[in-house]
Amino acid sequence: MKTIGISKEGIKKAFQSEGVTNTARHDDKHLVALCKIYQVQQLYPGKRLHELLHPALAYINRRLDVLEANTLSNPAHEGGITLSLYSMISETFTELGQEAYFGKTLAEIEPKMVSLFMDFDAVAWQVLYQYPTLLCRRMVRSKARMQAALEGYFSRPVKDRSDAAWMILELESDMNRRDVSLPDIALFFFQLYWSINGNMKKAPFWMLSFILFRPGLVDAIRKEVQPAFSADGFSMDYLSNSCPLLHSVWDETLRVTAFAASVRFLTEDVRIGGKILRRGNRLMIPQRQLHFNPHAFGEDAASFNHKRFLEQSKLKKHSSFRPFGGGTTLCPGRRLTEKTSLAFVAMILQKFDLELEPHTQSFPIATEGNPSIGLVDVEQGSDLKVNLRIRTTVV
Ligand code: HEM
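Within each chain, residue numbers correspond to sequence positions counted from 1 in written order. Per-residue local features are limited, in this predicted model, to residues with pLDDT of at least 70; the limit for side-chain atom pairs, both in listing and counting, is 80 or more; totals at the level of whole chains, interfaces and linings are taken over all residues.

### What about the overall build of the chain?
How we decide: Helix and strand labels come from DSSP, where a helix needs a run of H or I of at least four residues and a strand needs a run of E of at least two; each type is numbered from the N terminus. In this treatment the radius of gyration is a C-alpha quantity, and the globule benchmark scales as 2.2 Å times the residue count to the 0.38 power. Using C-beta atoms placed from the backbone, we call a residue buried if 20 or more other C-beta atoms fall within 10 Å of its own, exposed if 12 or fewer do, and partly exposed for counts in between. Think of it this way: build a C-beta for each residue from its backbone, and any pair within 7 Å is a contact.
Secondary structure assignment for the chain yields 18 helices and nine strands. A compact globule built from 395 residues should have a C-alpha radius of gyration of about 21 Å, and the chain, at 22 Å, falls within 12% of that. In terms of principal-axis extent, the alpha carbons of the chain reach across some 65 × 60 × 45 Å. Looking at the chain as a whole, 31% of its 395 residues qualify as buried. Across the chain, every contact between residues at least 6 apart in sequence was considered, and the portion connecting residues at least 24 apart equals 72%.

### Let's talk about the sheet that holds strand β8 (residues 352-356)
This is how the line gets drawn: A pair of strands is considered paired only if DSSP assigns at least 2 bridges between the two. Here, axes are lines fitted to C-alpha atoms. For helices the fit covers the stretch in contact, and angles between N-to-C directions go from 0 to 180 degrees.
Spatially, β1-β9-β8 is the arrangement adopted by the three strands of the open sheet, whose pairing is antiparallel. At either margin of the open sheet sits one strand with a lone partner, and together these are β1 (81-84) and β8. Across the sheet, the mean angle from the axis of one strand to that of its neighbour is 30°, orientation sign disregarded. For β8 and strand β9 (residues 385-390), the ladder comprises five bridges, and the chain directions are antiparallel. Looking at the pairing, glutamate 355 lines up with asparagine 387 of β9.

### Quick look at the UniProt feature "binding site: heme" (unreviewed entry) in the chain
Put simply, the rule reads: UniProt positions are given in the numbering used here, feature names are shortened, and annotations may be inferred rather than shown by experiment.
UniProt tags Cys331 as "binding site: heme" (unreviewed entry). If sequence neighbours within four positions are ignored, cysteine 331 has contacts with Phe324 and Gly325.

### Let's talk about unusual backbone geometry
Trans peptide bonds make up the majority, and among non-glycine residues the majority have a negative phi. A cis amide bond links glutamate 357 with the next residue in sequence, proline 358, at an omega value of 5°. With respect to the element layout, proline 358 can be found in the loop between β8 and β9. Backbone geometry at aspartate 179 places phi at a positive 60°, although glycine is not the residue there. Classification of aspartate 179 as exposed rests on a count of 10 C-beta atoms within 10 Å.

### Describing the environment of methionine 200
Summarising the element assignment, methionine 200 is placed in helix α10 (residues 182-200). Among the residues examined, methionine 200 registers 25 C-beta atoms within 10 Å and is labelled buried. Taking the C-alpha atoms as reference points, methionine 200 and methionine 347, 147 residues apart in sequence, are found 17 Å from one another. Discounting chain neighbours no more than four positions away, the residues touching methionine 200 are Phe93, Gly97, Thr337 and Thr340.

### Here's the deal with the packing of helix α11 (residues 202-212) against helix α18 (residues 334-351)
This is how the line gets drawn: Small angles under 35 degrees read as roughly parallel and large ones over 145 as roughly antiparallel, with 65 to 115 read as roughly perpendicular and the rest as oblique. Crossings are sorted by hand: turned counterclockwise from the far helix by less than a right angle, the near helix makes the crossing left-handed, and turned clockwise it makes it right-handed. Residues are grouped as follows: Ala, Val, Leu, Ile, Met, Phe, Trp, Tyr, Cys and Pro are nonpolar; Asp, Glu, Lys and Arg are charged; all remaining types, including Gly, are polar.
With their axes 9 Å apart at the nearest point, α11 and α18 run at an angle of 40° to one another. When the axis of α11 is compared with that of α18, the two are oblique. As for how α11 packs across α18, the hand of that crossing is right-handed. Contact residues: Ala203, Pro204, Met207 and Leu208 in α11; Thr337, Ser341, Phe344 and Val345 in α18. Looking at the contact of α11 with α18 residue by residue, the classes come out as six nonpolar, two polar and no charged.

### Re α10
Helical periodicity: at 3.6 residues per turn, an α-helix aligns residues three or four positions apart in one direction. Cut-off, in case you're wondering: A helix is expected to span 1.5 Å multiplied by its residue count minus one.
Taking 1.5 Å per residue as the helical rise, α10 with its 19 residues ought to reach 27 Å, and the 27 Å between its terminal C-alpha atoms agrees with that figure. For α10, the full list of buried residues reads Ile185, Ala186, Leu187, Phe188, Phe189, Phe190, Tyr193, Ile196, Asn197, Gly198, Asn199 and Met200. Lining the buried residues of α10 we find α4 (85-102), α6 (113-122), α8 (137-155), α9 (166-177), α11 and α18.

Here is the structure:
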């Protein structure tokens, strides 16, 4: 919180539980704990997750319709349009996350919010490394504008932004009861915006990249997902329950791109593999080491195999497979991320023929040298140029 710029007073209030007169359920919790509780409640299957997922899927559909219209309005549309895949996906998923959580008002206040975030996020590791301001002006500028936009957003009456997700309004009223200042409220929600939008875009990009570099896989997935599209619309249930190949590609993508580490504090001595880990120390469990372990995933663990989870479905429950962490801190955003990624991949393959342009491009480079929250980042300059043509053939 200090790194992001929240004031001393704001940090004190974030860990303050007293002074609440109005909440019966959580009056013993501080703001940081409440934020986590509300995220879990918002993302748990049921009405609240549906309130995020429903507009998110509608948004993806709309966005691809716009792309289709742009392709058609291009005088040379039979040659399709060529675009940068990661840029397009980042924009789509950031706007989707912004709208699902903050409603439409934030974009009215700052129409460039999405591109400001993309600018910020490309160098966000500078925040984690606590770079001196002088060396990261671009990041600081984008962050300042986003903070100003969020200040504008939270200055508006709640009735003007009632399309925000339940958890945003709930957390805001908890902050107001603790008398948190407007700049600190804005920074607190900036952190939340970052945690939501920093991750969602990477999964569909890596997934689609792996698919595009295996041409036979495109047709196999199209065939599998075809029944999810009918005159009645798109069926997320079909995609979730009847597409084992798509799910295998998803799990394998997470396996090879997961880059976080779970951190635990040892409250007692533990013996693991002939070693004693002493109480009082911190333990880091890096996913990458677990996911690339040949004892768990086989001799080809270092390479991408889209059939791995299809052929060995038990791997999904393997103790070494932990893309979303585990235990009490298991990522609550995993369902939203999975469903939006699968829907995006199915919808874009259904609507367009995608081809690398030029064909000679190399597979995008993972930024293994920088810290990242969730999945590994995409090295700047290694985005894929892809030609999209409206599909005329059916598999
Ligand atoms: C591919 C996308 C994502 C990946 C790989 C991912 C991964 C993770 C990991 C590894 C953790 C830490 C688990 C641990 O400490 O053991 C975590 C925690 C968390 N994630 Fe995600 N995440 C993703 C997307 C999201 C999204 C979209 C949201 C919100 C909408 C979200 C919300 C959270 C929250 C609130 C926590 C903290 C849970 C806690 O401490 O109780 N995640 N995530």
